[in-house]
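Examination of the molecular architecture
So the chains spell out like this:
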Amino acid sequence: MRKPVPAACPCGSGHALENCCGRYLHGAIPAPDAEALMRSRYTAYALREEAYLLATWHASTRPVRLDLEQEAQAPQWIGLKVKSHQVQDAHHASVDFVARYRVNGRAHKLEELSRFLKEDGRWYYVSAAT
């Protein structure tokens, strides 16, 4: 059964999903930079696109599976704010963001500085910086 697809992209860009993160989720083109990858990964969490999340996670830190469909109290992702996108060099970048979500009606937020690595022309999520 196909999941319902929102018209507007969940990443908050204001663009239609298919003209925004949908291009990356459906494999039409790779995300051009770390911020675009982070936004598309947020969208993938919102749409429960586990395969995309795993495919864009660097092999050195990638979990075996995520089980997004099995979460008893799955979060409802409700907003994303990118605070900054820093490029360290041609192969390393970071994105500082705040993602808001609800679980059982309670609002929560995730603040993270994510690290990204570019390999073979593609960006990958590595980890949250500590």
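Just above, that's the structure.
Residues numbered from 1 in each chain as written. Predicted model: local features only at pLDDT ≥ 70, side-chain atom pairs only at ≥ 80, totals over all residues. Heavy atoms only, no water.

Helix and strand counts for the chain come out as three helices and four strands. From first element to last, N terminus to C terminus, the chain shows the α and β order α-α-α-β-β-β-β. Taking 130 residues into account, the globule formula puts the C-alpha radius of gyration at 14 Å, and the chain, at 14 Å, falls close to it. For the C-alpha atoms alone, the extent of the chain along its principal axes is close to 40 × 30 × 30 Å. Every one of the 130 residues in the chain was classed for burial, and the buried ones make up 37%. Looking at the chain alone, contacts between residues at least 24 apart form 39% of all its contacts between residues at least 6 apart. The chain carries 17 positive and 14 negative side-chain charges, and their two centres are separated by 5 Å. (Helix = DSSP H or I, 4+ residues; strand = E, 2+ residues; numbered from the N terminus. Rg over C-alpha atoms; globule rule 2.2 N^0.38 Å. Buried < 20%, exposed > 50% of the residue type's maximum accessible area, 1.4 Å probe, protein only. Contact = heavy atoms within 4.5 Å. Lys, Arg positive; Asp, Glu negative; His and termini not counted. Charge placed at Lys NZ, Arg CZ, Asp CG, Glu CD.)

Another point: the sheet that holds strand β4 (residues 122-128). In spatial order, the strands read β1-β2-β3-β4; together these four strands make up an open sheet with antiparallel pairing. Single-partner strands in this sheet number two, and they are β1 (76-89) and β4. The mean inter-strand angle of the sheet, taken between neighbouring strand axes irrespective of direction, is 30°. In this structure, strand β3 (residues 106-119) lies alongside β4, joined through six bridges in antiparallel fashion. Bridging across to β4, Arg115 finds its partner in Ser127. Packing of helix α2 (residues 34-47) onto the sheet brings it into contact with β1, β2 (92-103), β3 and β4, and relative to β1 it is tilted by some 160°. (Pairing = 2+ DSSP bridges. Axes fitted to C-alpha atoms, helices over the stretch in contact; angles between N-to-C directions.)

This next bit is on the pattern of salt bridges. Within the structure shown, the criterion is met by three salt bridges. Between Glu111 and Lys109 there is a salt bridge, and its shortest N-O distance comes to 3.2 Å. Look at Glu111 and you get partly exposed, because its relative accessible area is 46%. Lys109 sits in the exposed class, given a relative accessible area of 56%. Through salt bridges that share partners, Lys83, Lys109 and Glu111 make up one connected network. (Salt bridge = Lys/Arg side-chain N within 4 Å of Asp/Glu carboxyl O.)

Along the polypeptide, Thr56 turns up in the loop between α3 (50-55) and β1. The class of Thr56 is buried, set by a relative accessible area of 8%. One polar contact links Thr56 to Arg41, side chain to side chain, over a distance of 2.8 Å. (Polar contact = N/O pair within 3.5 Å; in protein donor to acceptor, adjacent residues only side chain to side chain.)

If you look at the biggest cluster of nonpolar residues, it comprises 30 residues, and the most contacted ones within it are Met38, Leu80, Val95 and Phe116. Every element with two or more residues in this core is listed here: α1 (22-25), α2, α3, β1, β2 and β4. At seven residues, α2 tops the list of elements feeding residues into this core. (Core = buried A, V, L, I, M, F, W, Y, C linked by side-chain atoms within 4.5 Å.)

Moving on to α2. Over its 14 residues, α2 runs 20 Å from end to end, which matches the ideal 20 Å to within 8%, given 1.5 Å per residue. The element α2 is extensively covered by neighbouring structure, given that 11 of its 14 residues are classed as buried. Summarising the contacts, the buried residues of α2 are in contact with α1, α3, β1, β2, β3 and β4. Put simply, Asp33 is the residue that caps the front of α2, since its side-chain oxygen is 3.2 Å from the backbone nitrogen of Glu35. One or two steps after α2, the chain reaches Arg48, where phi turns positive at roughly 60°. (Expected span 1.5 Å × (residues − 1).)

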